[in-house]
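# Structural characterization, general
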Amino acid sequence: MKWLLGFMLLVALVVGALLVPIQGKSLYARGAVREVAHFVAHGLRAGWDAIAAASSNKDHPQSTRAATAHSQKAKPSAKPQASAAPKTSREGIVQQLPKESLKAADQEALKNLIVNSR
């Protein structure tokens, strides 16, 4: 129960420090300036960079061996792709690829397969 009272006292001190005016402005009003957000973002970025530097791959370097002679190489695709990203109109609608058409003989074979499978 003492910890709850201590926590409430701590919260009251923080709220008081933020809301009590000092030289006409409260600490909360002074902190609402855009520069504080920039300062905090810069501090977070610096902290993240420090963590990333501490966990760099200096301890675990990657292997620099070349691929073995019997490894498979990527096969070139038979059809080159037209484009990596589909085209988008001004309204944000992505154009669909044209539907595949079946020959008449293939359509009949498909119909027969469906009828006979039921």
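Residues numbered from 1 in each chain as written. Predicted model: local features only at pLDDT ≥ 70, side-chain atom pairs only at ≥ 80, totals over all residues. Heavy atoms only, no water.

### Brief notes about the overall build of the chain
Across its full length, the chain carries four helices and two strands. In the chain, the succession of helices and strands from N to C terminus is α-β-β-α-α-α. Per-residue burial for the chain yields a buried fraction of 1% across its 118 residues. Surface summary for the chain: the accessible area is close to 12400 Å², and the carbon and sulfur share equals 63%. (Helix = DSSP H or I, 4+ residues; strand = E, 2+ residues; numbered from the N terminus. Buried < 20%, exposed > 50% of the residue type's maximum accessible area, 1.4 Å probe, protein only. Areas by Shrake-Rupley, 256 points an atom, 1.4 Å probe, with all protein chains shown as cover.)

### What to know about a nonpolar patch on the surface
Taken together, Phe7, Leu10, Val11, Val14, Val15, Leu18, Leu19 and Leu27 make up a surface patch of nonpolar side chains, about 710 Å² in accessible area. By residue number, the principal contributor to the nonpolar patch is helix α1 (residues 2-19), which donates seven residues. (Patch = residues over 30% accessible without salt bridge, like charges linked within 9 Å, V, L, I, M, F, W, Y side chains within 5 Å. Salt bridge = Lys/Arg side-chain N within 4 Å of Asp/Glu carboxyl O.)

### Some remarks on helix α4 (residues 104-117)
Look at α4: 20 Å from first C-alpha to last across 14 residues, which is about the 20 Å you get at 1.5 Å a residue. Within α4, only zero of the 14 residues are buried, which leaves the element largely exposed. (Expected span 1.5 Å × (residues − 1).)

### Quick look at the confidence of the model for the chain
On average, the chain scores 76 in pLDDT, and the residues at 70 or more come to 70%. Mean pLDDT in the chain bottoms out at helix α2 (residues 27-31), which sits at 71, and peaks at α4, which reaches 90. (pLDDT = per-residue confidence, 0-100.)

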